[in-house]
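Breakdown of the fold
Read off the chains here:
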Amino acid sequence: MTIAVNLQTVRQRIEQACAAADRLPTTVHLLAVSKTFPAEAVAQAAAMGQRDFGENYIQEGVDKIAALAHLGLTWHCIGPLQSNKTRLVAEHFDWVHSVDRLKIAQRLSEQRPSTLAPLNVCIQVNIDASPSKAGFAPQEALAMAHAVALMPGLRLRGIMTIPEPTHEPAETLAVHQRTKALFDHLRANGLALDTLSMGMSADLEAAVQAGSTMVRVGSAIFGGRTTPPLTR
Ligand SMILES: *Cc1c(COP(=O)(O)O)cnc(C)c1O
């Protein structure tokens, strides 16, 4: 019940942010981040028409994917990815937002089963050079994107960022606008990208204003987490 109400509220926030930015609401996709919440919570959101779900912890995600296979949902890996986990991800997930090393991309491409469509990927960009966050420096992103675009097991969709939280709305917006500018720069350089994965529960309005095409929303839908978010 709470999840249904929260989901409605988040959809309204996205619609209002789109209206304020003069964007069509269909241009912003909602990724429901279900990390630490049980398959039952995912099923409740799915009953409300939510199709895309994000997971940070690989084994937890794989377990939910198996438990809910009958629902035909789309699963996104958004957490830090170690080499020894790439096979599980390549075999079970539909998307990876957190590609932060060339080696990880190569392994995902090689390990993607040929019976499945190429794995959709976003390159993670450390837009504010935060020492605590993974991702490529903005000036590395173009070369990395060109390399990933050539990998047969992958389909490069865009870039993802997790900026440091700020309490200054103008600063939050400015950081998101820098990411949008980088996204446009990559597209101007011949990369067919359609996904700017940016914005979470606290800053989705600013992200939509700046041009996000996919917001990743956890706590505003599922409630507070007792386990600390592992976002690096
Ligand atoms: C946990 C997480 C989110 C969702 O964060 P909320 O603040 O709960 O909306 C989004 N993106 C990533 C990468 C995360 O780890």
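Up top is the structure.
Residues numbered from 1 in each chain as written. Predicted model: local features only at pLDDT ≥ 70, side-chain atom pairs only at ≥ 80, totals over all residues. Heavy atoms only, no water.

1. Points about unusual backbone geometry
The residue threonine 36 is not glycine, and still its phi comes out positive at about 75°. By the element assignment, threonine 36 lies in the loop between strand S1 (29-33) and helix H2 (39-47). Phi is positive for alanine 129, which is not a glycine, with a value near 50°. Relative to the elements of secondary structure, alanine 129 occurs in the loop between strand S5 (119-124) and helix H6 (141-149). (Helix = DSSP H or I, 4+ residues; strand = E, 2+ residues; numbered from the N terminus.)

2. Thoughts on the site of the ligand
Neighbouring the ligand are 13 residues, the closest being Lys35, Ser201, Gly218, Ser219 and Arg225. Taking serine 201, its side chain carries an N or O atom lying 2.5 Å from an oxygen atom of the ligand. Arginine 225 is positioned with one of its side-chain polar atoms (N or O) 2.8 Å from an oxygen atom of the ligand. For the ligand, the accessible surface in isolation is 390 Å², of which the surrounding protein chains cover 95%. Its residues placed into classes, the shell around the ligand shows 5 nonpolar, 5 polar and 3 charged. (Near = heavy atom within 4 Å. Polar contact = N/O pair within 3.5 Å; in protein donor to acceptor, adjacent residues only side chain to side chain. Areas by Shrake-Rupley, 256 points an atom, 1.4 Å probe, with all protein chains shown as cover. Nonpolar A, V, L, I, M, F, W, Y, C, P; charged D, E, K, R; others polar.)

3. A closer look at the side chain of arginine 216
Within the secondary structure layout, arginine 216 lies in strand S8 (residues 214-217). A distance of 2.9 Å separates the side chain of arginine 216 from the backbone oxygen of serine 197, its partner in a polar contact. Arginine 216 has contacts with Leu31, Val33, Ile78, His97, Met160, Thr161, Ile162, Ser197, Met198, Gly199, Met200 and Ser201, leaving out every residue within four places of it along the chain. (Contact = heavy atoms within 4.5 Å.)

4. Describing the pattern of salt bridges
This structure, assessed with the given rule, holds 8 salt bridges. Salt-bridge contacts for arginine 13 lead to glutamate 205; the nearest nitrogen and oxygen are separated by 2.8 Å. Of the two residues, arginine 13 sits in helix H1 (residues 2-20) while glutamate 205 sits in helix H8 (residues 204-210), which places them 192 residues apart along the sequence. Assessed through its relative accessible area of 32%, glutamate 205 is described here as partly exposed. Through salt bridges that share partners, Glu55, Glu60 and Lys64 make up one connected network. (Salt bridge = Lys/Arg side-chain N within 4 Å of Asp/Glu carboxyl O. Buried < 20%, exposed > 50% of the residue type's maximum accessible area, 1.4 Å probe, protein only.)

5. Concerning the pairing of S5
Across the 6 residues of S5, 6 count as buried, placing the element largely inside the fold. Side chains of S5 alternate between two faces, with Leu119, Val121 and Ile123 and Asn120, Cys122 and Gln124 buried alike. Where strand S4 (residues 95-99) meets S5, 3 bridges bridge the pair, whose relative direction is parallel. Bridge pairing in S5 links tryptophan 95 to asparagine 120. This β-α-β element, S4 to helix H5 (residues 102-111) to S5, shows right-handed connectivity. Crossover S5 to strand S6 (residues 154-160) through H6 is right-handed. (Pairing = 2+ DSSP bridges. Right-handed = clockwise from strand over helix to strand, strands pointing away.)

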